[in-house]
Amino acid sequence: MSTDVPASGLFEVGGMQFISPLCTPESVLRVRSLHVRNDDVFIATYAKSGTTWMQEIVSLLLSDGDLEAVATSCTWARAPYLEGAFKQQQLELQPSPRLMTTHLQLHLAPQQLTEGGKGKVIYLARNLKDTLVSLYEFCKISCHIPDPRDFETYVEIFLEDQAKDNSETWFKHVREWYEMRHKANFLFVTYEELIKDLRGSVLRVSRFLDRPQDDSTIDSIVHHCSFASMRVNKMTNYEAMPAGLVDLSKGPFMRKGTVGDWKNYFTVEQSERFDKLYAEKMRGCDLTFPYDLSHL
């Protein structure tokens, strides 16, 4: 395990890479022993899989649709990252029900959540090709991740990393969390389901959280959480993010909010290589994703 932490950049813990100074090795390792309350709610995702979207949905459900409750607080403040060094000290003081977010692999997540059955977790997954494109574009605006240069180079590096068995791979992340879906305190949702039926997905999350809402409240949440609304919302589109973390002059944080944008980036050969790798890494797993809007 590497403990060399640059002032700004990437470091590794438990096979995963993290951004310094947002995280430290200590803040990452501390998550495992987090005391989980019965009414805690966790959103778990692989990066760039719709995290902000689910943060906004759950925030509104926990506030019974109160738009004022989300109008003056950014998503990352309402649903802080467990592994983040800056918010971790405040978690114990946060009133219930707490809403928290994580990109951690299962083996680094709170033990009481994964093994003790305490709290509730919503895992949001997105098809690998669109996830990669979103990661590529995010790297361009991040102030702490090396510039990806060009998409072809990024694909080659990504494929090389994904072929490894003992590091942070999309396959390992998604597959391990997917295997938890039958537990009573877990809900597995896909980005593509949100795109296809946002209202039905909000209702499903509402039932899981035991936060029933009337039709007008659900309609209000759905309208507020549409991509068009969130893209111009400073509490969700990262315009309010402190300087030095992202550079929105290089591109928006929220870009298209669709399924199939990967077709504008991938060559046929690259797509076929991804399909082959998926078949190999997900052998024996019944999880599949639609890769364009026509298959939703």
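Basis of the calculations
Residues numbered from 1 in each chain as written. Predicted model: local features only at pLDDT ≥ 70, side-chain atom pairs only at ≥ 80, totals over all residues. Heavy atoms only, no water. Helix = DSSP H or I, 4+ residues; strand = E, 2+ residues; numbered from the N terminus. Buried < 20%, exposed > 50% of the residue type's maximum accessible area, 1.4 Å probe, protein only. Contact = heavy atoms within 4.5 Å. Areas by Shrake-Rupley, 256 points an atom, 1.4 Å probe, with all protein chains shown as cover. Pairing = 2+ DSSP bridges. Core = buried A, V, L, I, M, F, W, Y, C linked by side-chain atoms within 4.5 Å. Arc of directions from axis to C-beta. Axes fitted to C-alpha atoms, helices over the stretch in contact; angles between N-to-C directions. Polar contact = N/O pair within 3.5 Å; in protein donor to acceptor, adjacent residues only side chain to side chain. Left-handed = near helix turned anticlockwise from the far one by under 90°. Nonpolar A, V, L, I, M, F, W, Y, C, P; charged D, E, K, R; others polar. Salt bridge = Lys/Arg side-chain N within 4 Å of Asp/Glu carboxyl O.

Q: So what exactly am I meant to see when it comes to the overall build of the chain here?
A: Helices and strands together make up the secondary structure of the chain, namely 13 helices and six strands. Considering the chain as a whole, with its 296 residues, one finds that 54% of them fall into the buried category. Put simply, 71% of the contacts in the chain that link residues at least 6 apart link residues at least 24 apart. Carbon and sulfur atoms form 52% of the exposed surface of the chain, whose accessible area is close to 13600 Å².

Q: What's the story with the pairing of strand β3 (residues 41-45) in this structure? I'm lost.
A: Along a regular strand, successive side chains alternate from one face of the sheet to the other. Most of β3 sits out of view: five of its five residues are buried. Residues V41, I43 and T45 line one face of β3 and the alternating positions F42 and A44 line the opposite face, and both faces are buried. Bridge count between β3 and strand β4 (residues 99-102): four bridges; the pairing is parallel. Bridge pairing links A44 to T102 in β4.

Q: Honestly, unusual backbone geometry in this entry has me stumped. Any pointers?
A: Note: most residues except glycine have negative phi, and most peptide bonds are trans. In the segment running from S96 into P97, the intervening peptide bond is cis, with an omega of -5°. Residue placement: P97 occurs in the loop between α4 (75-78) and β4. Backbone geometry at K48 places phi at a positive 65°, although glycine is not the residue there. As for its placement among the helices and strands, K48 is situated in the loop between β3 and α2 (51-62). Given a relative accessible area of 16%, K48 falls into the buried group. Located in the positive-phi region is D64, a residue other than glycine, with phi close to 55°. As for its position among the elements, D64 is in the loop between α2 and α3 (68-71).

Q: Hey, could you run me through the nonpolar core in this one?
A: Generally speaking, a soluble globular protein has its nonpolar side chains buried in company with each other. Membership of the largest hydrophobic core comes to 56 residues, with the highest contact counts inside it found for F18 and L287. Counting residues in hydrophobic clusters, the runner-up holds 28 residues, among them V41, L62, L187 and V202.

Q: What exactly am I supposed to notice about helix α11 (residues 215-224) here?
A: Think of an α-helix as 3.6 residues a turn; residues three or four steps apart then line up on the same face. All buried positions along α11 are accounted for by T217, I218, I221, V222 and H224. One side of α11 carries all its buried residues, which in axial view fall inside an arc of 165°. Facing away from the buried side of α11 by over 90 degrees, the exposed positions are D215, S216 and H223.

Q: How should the pairing of strand β6 (residues 186-190) be read in this particular structure?
A: In terms of burial, β6 is largely enclosed, as five of its five residues are buried. Here β6 shows no split at all, with F186, F188 and T190 on one side and L187 and V189 on the other all buried.

Q: Teacher, can you tell me more about the sheet that holds β3 here?
A: Strands belonging to one sheet form pairs held by backbone hydrogen bonds; the direction of such a pair is parallel or antiparallel. The strand order β4-β3-β5-β6 describes an open sheet built from four strands, whose pairing is parallel. In this open sheet, the two strands that pair with only one neighbour each are β4 and β6. For this sheet, the mean inter-axis angle between neighbouring strands, taken without regard to orientation, is 20°. Relative to strand β5 (residues 120-125), β3 runs parallel, the two being bridged by five bridges.

Q: Quick question: what am I supposed to make of the side chain of S27 here?
A: Position of S27 among the secondary structure elements: in helix α1 (residues 25-30). Within the structure, the side chain of S27 is placed 2.9 Å from the backbone nitrogen of T24, a separation counted as a polar contact. Side-chain polar atoms of S27 contact the backbone oxygen of E83, separated by 2.8 Å.

Q: I'm lost on the side chain of S59 in this one. Help?
A: When you line up the elements, S59 lands in helix α2. The residues contacting S59, other than those within four sequence positions of it, are V70, R78 and L99.

Q: Where do I start with the packing of helix α10 (residues 198-208) against α11 in this structure?
A: Angle between the axes and distance between the axes: these two values describe a pair of packed helices. Between α10 and α11, the shortest axis-to-axis distance is 10 Å and the interhelical angle comes to 120°. Classified by chirality, the crossing of α11 by α10 is right-handed. Facing α10, whose interface residues are L198, R199, V202 and L203, α11 presents D215, I218, D219, I221 and V222. Across the contact of α10 with α11, the residue classes tally to six nonpolar, no polar and three charged.

Q: What's the story with the pattern of salt bridges in this structure? I'm lost.
A: Oppositely charged side chains are able to pair whenever their charged atoms sit close together. If you walk through the whole model with that rule in mind, you get 17 salt bridges. The partner of D40 in a salt bridge is R98, with the nearest N and O atoms 2.6 Å apart. Of this pair, D40 sits in the loop between α1 and β3 while R98 sits in the loop between α4 and β4; the two residues are 58 residues apart in sequence, bridging distant segments of the chain. Residue class for R98 comes out buried when judged on its relative accessible area of 0%. Each member of the salt-bridge network shares a partner with another, and the members are E156, E269 and R273.

Structural measurements only, silent on function.
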